[in-house]
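# An overview of the molecular structure
Residues per chain, in single letters:
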Amino acid sequence: MNPIDQESIRYLIIDGHSVIYSWDHLHKLHKSSKSSARENLIRRMTNYQDITGERVVIVFDGKGQTSESINDEYGIQVFYSKSGTTADQIIERLAGKYSKNRKITVASRDRAVLDTCSSFGADAISPKTLEELLEQAERDLRKRICLLYTSDAADEGLGVDL
């Protein structure tokens, strides 16, 4: 991919636990199963990436000796910080390094993280705004599928009245 293409790609960096604690359904799920809450967020944000084309990076606080980066089989990237390093620090480093030549949006409920990332040139949004963007993308996809289905049905003479 040439540098011009790289600059046109949008990236969404998400503070994973911040979002989990801000979205009611994920927060409730987290109380009974932390891994299920993380997996639910990852799955929904994978769908968001597929719908919008915006590259998604989710960062969680970890406990291991090294930071771990996992490329999900569906294409999003998930980071777990190492012990002694916070997700906030990784998010700030990513924004600082890549905001100069890429369009970056950061989602977190931590005002200090959002302010730091904004100072690097990233857009900053709250978990609530992220949830609204995700829900809108899901609605748009449902509309496109419905239009495609009704268009195909009409093309095949299936008697669907539009």
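Below: a short report on this structure. Remember, predicted model here, so these are calculated numbers, not experimental data. (Residues numbered from 1 in each chain as written. Predicted model: local features only at pLDDT ≥ 70, side-chain atom pairs only at ≥ 80, totals over all residues. Heavy atoms only, no water.)

The end-to-end C-alpha distance of helix H4 (residues 34-52), which contains 19 residues, comes to 27 Å, matching closely the 27 Å that a straight helix rising 1.5 Å per residue would cover. Taken together, the buried positions of H4 are Ala 37, Asn 40, Leu 41, Ile 42, Arg 44, Met 45, Thr 46, Tyr 48, Gln 49 and Ile 51. (Helix = DSSP H or I, 4+ residues; strand = E, 2+ residues; numbered from the N terminus. Expected span 1.5 Å × (residues − 1). Buried < 20%, exposed > 50% of the residue type's maximum accessible area, 1.4 Å probe, protein only.)

Bringing the packing of helix H5 (residues 87-98) against helix H6 (residues 111-119) into the picture now. Running from N to C, H5 and H6 cross one another at 15 degrees; their axes reach a closest spacing of 9 Å. With respect to each other, H5 and H6 are oriented roughly parallel. For the crossing formed where H5 meets H6, the hand is right-handed. Across the interface between the two elements, Asp 88, Ile 91, Glu 92 and Ala 95 from H5 touch Ala 112, Val 113, Thr 116 and Cys 117 from H6. Split into classes, the residues belonging to the contact of H5 with H6 amount to 5 nonpolar, 1 polar and 2 charged. (Axes fitted to C-alpha atoms, helices over the stretch in contact; angles between N-to-C directions. Parallel < 35°, antiparallel > 145°, perpendicular 65-115°, else oblique. Left-handed = near helix turned anticlockwise from the far one by under 90°. Contact = heavy atoms within 4.5 Å. Nonpolar A, V, L, I, M, F, W, Y, C, P; charged D, E, K, R; others polar.)

The biggest cluster of nonpolar side chains holds 22 residues, and the ones touching the most others in it are Leu 12, Ile 14, Leu 41, Met 45, Ile 58 and Leu 130. Elements with a minimum of two residues in this core: strand E1 (10-15), helix H2 (16-22), H4, strand E2 (55-60) and helix H7 (127-155). Take this core: its biggest share by element is 6 residues, from H4. Among all residues touching Ile 58, those that are not within four sequence positions of it are Ile 14, Gly 16, Leu 41, Ile 42, Met 45, Ile 76, Gln 77, Val 78 and Phe 79. The next biggest cluster of nonpolar side chains, apart from the first, holds 17 residues, and it includes Ile 9, Ile 13, Ile 91 and Leu 94. (Core = buried A, V, L, I, M, F, W, Y, C linked by side-chain atoms within 4.5 Å.)

Right, let's get into the environment of Glu 131. Inspection of the secondary structure assignment puts Glu 131 in helix H7. On the accessibility criterion, Glu 131 (13% relative accessible area) is buried. On a C-alpha basis, the gap between Glu 131 and Ser 22 in space is 9.5 Å, while along the polypeptide they are 109 residues apart.

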